Amino acid sequence: MKILMVITSHDQLGNTGRKTGFWLEELAAPYFVFKDSGAEITLASPKGGRPPLDPKSNEPEFRTDLTLRFEADAAAEAQLDNTVRLDSVRQEDFDTVFYPGGHGPMWDLAEDNNSVKLIESFLAAGKTIAVVCHSTGALRHVKTPDGQPLVEGKEVTGFTNGEEEDVGLTKVVPFLVEDEMLKLGAVFSKTANWGVHVVSSGQLITGQNPSSSGPAAQTLLAALAKKAKSAA
């Protein structure tokens, strides 16, 4: 099993002067779901190299056993130091792609043509993909083969308006994930703020927030296993 994980390269939190990037739990939890299942993982980002970590995600209250495990894992850290450039990856080389969140993707991955084309190529190849939290925003320009918004008529989840309000960034982010999905015609599904929530809709799996990232990865693996079984 070959899994691609696409991480943001964006480190500025709007005009606040504060740093952002990827959310550590949303990389670490899925990473170990995949690694512990024996998958081969490739990390990619728009700029390549070491992607920016949202410093907030490594504050004591947001650390988990898996974020600590990631930081203590020399091989994982070496991979993170050397993410491949997004424009160099091809869906043909992977079974699936997973997008961790953090606020960074709202600025780069949401608008990145390489990312849009990559997601479209996975879906055109009949592969199942997963995005979590703010990376649901990376679907905003993704189209179906007939030119419709990918999420139109689909049930999806992602970082909610309520959660954005909780972290006080409603006026800072370029758009609100929930509002954007609704605008594109998606059926936006959510649970209570910060609750675990994962939605499967055809080839698309979405997770609501950081604590949903590990469960989203498990849902993705289960979908891939089911597909492999039916193809056997």
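Structure shown above.
Not measured: the values here are computed from a predicted model. (Residues numbered from 1 in each chain as written. Predicted model: local features only at pLDDT ≥ 70, side-chain atom pairs only at ≥ 80, totals over all residues. Heavy atoms only, no water.)

(A) Seen up close, the overall build of the protein chain. A count of helical and extended segments in the protein chain gives seven helices and nine strands. In terms of overall dimensions, the protein chain is globule-like: its C-alpha atoms have a radius of gyration of 16 Å, near the 17 Å expected for 232 residues. If you line up the protein chain on its principal axes, its C-alpha atoms span 50 × 45 × 30 Å. Counting all 232 residues of the protein chain, 54% fall into the buried class. In the protein chain, the proportion of contacts linking residues at least 24 apart, taken out of those at least 6 apart, comes to 77%. Only carbon and sulfur atoms are counted for the fraction: they give 50% of the accessible area of the protein chain, which is about 9900 Å². Across the protein chain, the mean location of the 22 positive side-chain charges is 4 Å away from that of the 31 negative side-chain charges. (Helix = DSSP H or I, 4+ residues; strand = E, 2+ residues; numbered from the N terminus. Rg over C-alpha atoms; globule rule 2.2 N^0.38 Å. Buried < 20%, exposed > 50% of the residue type's maximum accessible area, 1.4 Å probe, protein only. Contact = heavy atoms within 4.5 Å. Areas by Shrake-Rupley, 256 points an atom, 1.4 Å probe, with all protein chains shown as cover. Lys, Arg positive; Asp, Glu negative; His and termini not counted. Charge placed at Lys NZ, Arg CZ, Asp CG, Glu CD.)

(B) Spotlight on the pattern of salt bridges. All told, the structure shown has 13 salt bridges when counted by the stated rule. With its nearest N and O atoms 2.8 Å apart, the salt bridge here joins E77 to R50. Of the two residues, E77 is situated in helix α3 (residues 74-81) and R50 in the loop between β2 (40-45) and α2 (65-72); the sequence distance between them amounts to 27 residues. The class of R50 is partly exposed, set by a relative accessible area of 43%. Members of the salt-bridge network, linked through shared partners, are E111, R140, E180 and K183. (Salt bridge = Lys/Arg side-chain N within 4 Å of Asp/Glu carboxyl O.)

(C) Quick peek at the pairing of β2. Inspection of the sheet shows strand β1 (residues 2-6) paired to β2 by five bridges, in the parallel sense. Residue pairing for β2: L4 is matched across the bridge by T42. Viewed along the sheet, the connection from β1 through helix α1 (residues 24-36) into β2 turns out right-handed. Examined bridge by bridge, β2 and strand β3 (residues 84-85) share two bridges and lie parallel to one another. When the sheet's bridge partners are listed, A44 is paired in β3 with V84. (Pairing = 2+ DSSP bridges. Right-handed = clockwise from strand over helix to strand, strands pointing away.)

(D) How the structure looks around the packing of aromatic side chains. Counted by the stated rule, this structure contains six aromatic pairs. Consider the rings of Y31 and F70, whose centres lie 5.1 Å apart with planes at 75°: the pair is edge-to-face. A residue pair is termed long-range when its members are at least 10 positions apart, and Y31 in helix α1 and F70 in helix α2 qualify at 39 residues. Looking at Y31, the relative accessible area reads 2%, which means it is buried. Taken together through their ring pairs, the aromatic side chains of Y31, F32 and F70 make up a single cluster. When the ring centre of F32 is taken as origin, the NZ or CZ atom of R69, which lies over that ring, is 3.8 Å away. (Phe/Tyr/Trp six-rings, centres within 6.5 Å; stacked < 30°, edge-to-face > 60°. Lys NZ or Arg CZ within 6 Å of the ring centre and 35° of its normal.)

(E) Main features of helix α4 (residues 113-124). With 12 residues, α4 should cover 16 Å at 1.5 Å per step; its first-to-last C-alpha distance of 16 Å lies within 8% of that length. Regarding α4, the residues found buried are S115, V116, L118, I119, F122 and L123. Across the axial projection of α4, the buried residues extend over an arc of 165°, all falling on one side. Opposite the packed face of α4, turned more than 90 degrees from it, sit the exposed residues N113, K117 and A124. Its buried side turned inward, α4 meets β1, β4 (96-99) and β5 (129-132). Two to three positions downstream of the cap, the backbone nitrogen of N114 sits 2.8 Å from a side-chain oxygen, assigning the N-cap of α4 to D112. (Expected span 1.5 Å × (residues − 1). Arc of directions from axis to C-beta. Polar contact = N/O pair within 3.5 Å; in protein donor to acceptor, adjacent residues only side chain to side chain.)

(F) Structural view of unusual backbone geometry. Positive phi is not limited to glycine here, since C133 has a value of about 60°. When you line up the elements, C133 lands in the loop between β5 and β6 (155-156). Despite not being glycine, W194 has its phi angle at roughly 75°, a positive value. With respect to the helices and strands, the residue W194 is situated in the loop between β7 (187-188) and β8 (198-201).

(G) Region of the structure containing the sheet that holds β1. Judged by pairing direction, the sheet is mixed, and its seven strands sit side by side in the order β3-β2-β1-β4-β5-β9-β8 without closing on themselves. This sheet does not close on itself; its edge strands, each paired only once, are β3 and β8. Pairing of β8 with strand β9 (residues 204-207) involves four bridges; the strand directions are antiparallel. When the sheet's bridge partners are listed, V199 is paired in β9 with T206. Seen against the sheet, α4 touches β1, β4 and β5 and runs at an angle of roughly 140° to β4. (Axes fitted to C-alpha atoms, helices over the stretch in contact; angles between N-to-C directions.)

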